[in-house]
Structures are given as C-alpha cells and as structure tokens.
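# A closer look at the structure
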Amino acid sequence: MKLRLHQRQELEETEIDIAYSRITNRLSKMVGYIRQYTYMVEAFWNGKSFLIPLDEILYFDTTDRKTFLYTNKQVYECRKALIEVENELSNTTVIRISKETLLNTTALVNVRPYPNHRLMAELSNGENLIISRKYISILQNRLRSEIYVKSV
C-alpha cells in the first residue's frame, strides 16, 4: 500500500482519494474509520442546540433517563436514548462498555484491571470509566480490529 500526502493551499477542505483494484475487508474498515470524521451529533446545552463532531466526543452516559455526551470542554445533553445513539454510531469507534455508557475508543488511553473482573478505562482527559465484564470481550475484539486498521 502506498500513501501519498499532497499539500495544496487552494483547497478549502481536505480531500481523500483512495484508488484500489478491489475492495477488501481491511479497506472497508479503513474507509469507515475515515468517514466517522464526518459524523456530527446533535447536543444541547444551556437551551441551545449544537452539532458536535464525533471525534471530539469522549463518551456518552445515561443518568436518570437522560443521555449526556462528554467532550474535553463541556457536558451536553443528547436527546436520544443510549440505544439510539449506539445504533446510529454502530459503524464508528463508539462502543458500549456498560449498561449506561458508550465509549469513543479514540479517547481511550489505557485499561487496567478493576475489582470483580471489570476493567478501568483511562481517557485522554484523565477521567476513568468502568468497563463491565459483560462488555470486555466486545471491547477487546473492537480494539484489535481498530489497531489492525490503524497500523495499515
């Protein structure tokens, strides 16, 4: 695989062209990973509506039947149920790690053992989230496939 980067000052937005002889599973995953940077999630704060780019979202959490999304700078309300968010973002780096939490794996710095066969996830902003044992194998499989795609 060859990767060529060309800086062109006249471009108003970045263009990505991929030339291939046939589509492979690896290529499909790579394209999906790139496409996720176009995802925007509607969120609300202080009575105002915002479109938050997916790559700025660390995680989603549900408390008292309300869904919130967390960025490095702000906590927003997301007026969708967590299952709706999960379904809409199923082809992205967002994955369920507990009954009430979805994690954007791009924000994941490391994981370490935690009591009762769970894991503690450290995020890029220093926050920690608990990964329920039910979701550990799903997370491991997703991370392995993302590392495989990222290393291409």
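Everything quoted here is computed from the prediction, not taken from an experiment.

Okay, the overall build of the protein chain next. Within the protein chain, the regular secondary structure consists of 3 helices and 10 strands. Starting at the N terminus and walking to the C terminus, you meet the elements of the protein chain as α-β-β-β-β-β-α-β-β-β-β-β-α. Dimensions of the protein chain, computed from C-alpha atoms along their principal axes, come out at roughly 50 × 40 × 25 Å. Across the 152 residues of the protein chain, 32% fall into the buried class.

For the rest of this paragraph, the subject is helix H1 (residues 25-35). Within the span of H1, buried status applies to Leu 27, Met 30 and Val 31. Buried residues of H1, seen end-on, are gathered within an arc of 100° and therefore sit on one face of the element.

Attention now moves to the pattern of salt bridges. Opposite charge on two side chains makes pairing possible when the charged atoms of those side chains draw close. Tallied over the entire structure, the rule returns 4 salt bridges. Two residues, Glu 15 and Arg 8, come together in a salt bridge whose shortest N-O distance is 3.8 Å. Overall, the relative accessible area of 48% leaves Glu 15 in the partly exposed class. Of the charged contacts in the structure, one is a salt bridge between Lys 80 and Glu 88, with a shortest N-O distance of 2.8 Å. Residue Glu 88 is classed as partly exposed on the basis of its relative accessible area of 46%.

Let us now look at unusual backbone geometry. Of note, Asn 46 is a non-glycine position whose phi angle comes to about 55°, a positive value. On the basis of relative accessible area, Asn 46 is assigned to the exposed category, the value being 60%. The backbone phi angle of His 117 is positive, close to 60°, even though this residue is not glycine. Locating His 117 in the fold gives a position in the loop between strand E8 (108-114) and strand E9 (118-123). Judged by relative accessible area, which is 64%, His 117 ranks as exposed.

For the protein chain, per-residue confidence averages 88 on the pLDDT scale, and residues scoring 70 or more make up 95% of the total. This stretch, residues 148-152, has a pLDDT under 50; its non-local contacts, to residues over four places away or in other chains, come to 8 contacts.

Next up on the list: the pairing of strand E7 (residues 101-104). Burial of the side chains of E7 extends over both faces: Thr 101 and Leu 103 are buried on one face and Leu 102 and Asn 104 on the other. Where strand E3 (residues 57-63) meets E7, 3 bridges bridge the pair, whose relative direction is antiparallel. Within E7, the residue paired with Tyr 59 across the bridge is Leu 103.

Before going further, it helps to examine the pairing of E8. The side chains of a regular strand alternate, first on one face of the sheet and then on the other. In this sheet, E9 lies alongside E8 in antiparallel orientation, the contact comprising 6 bridges. Residue Val 111 lies in a different strand from E9, and its bridge partner there is Ala 121. Between E8 and E9, which pair antiparallel one after the other, the connecting turn spans 3 residues, and Asn 116 there sits at a positive phi close to 65°.

Analysis parameters
- Residues numbered from 1 in each chain as written.
- Predicted model: local features only at pLDDT ≥ 70, side-chain atom pairs only at ≥ 80, totals over all residues.
- Heavy atoms only, no water.
- Helix = DSSP H or I, 4+ residues; strand = E, 2+ residues; numbered from the N terminus.
- Buried < 20%, exposed > 50% of the residue type's maximum accessible area, 1.4 Å probe, protein only.
- Arc of directions from axis to C-beta.
- Salt bridge = Lys/Arg side-chain N within 4 Å of Asp/Glu carboxyl O.
- pLDDT = per-residue confidence, 0-100.
- Contact = heavy atoms within 4.5 Å.
- Pairing = 2+ DSSP bridges.

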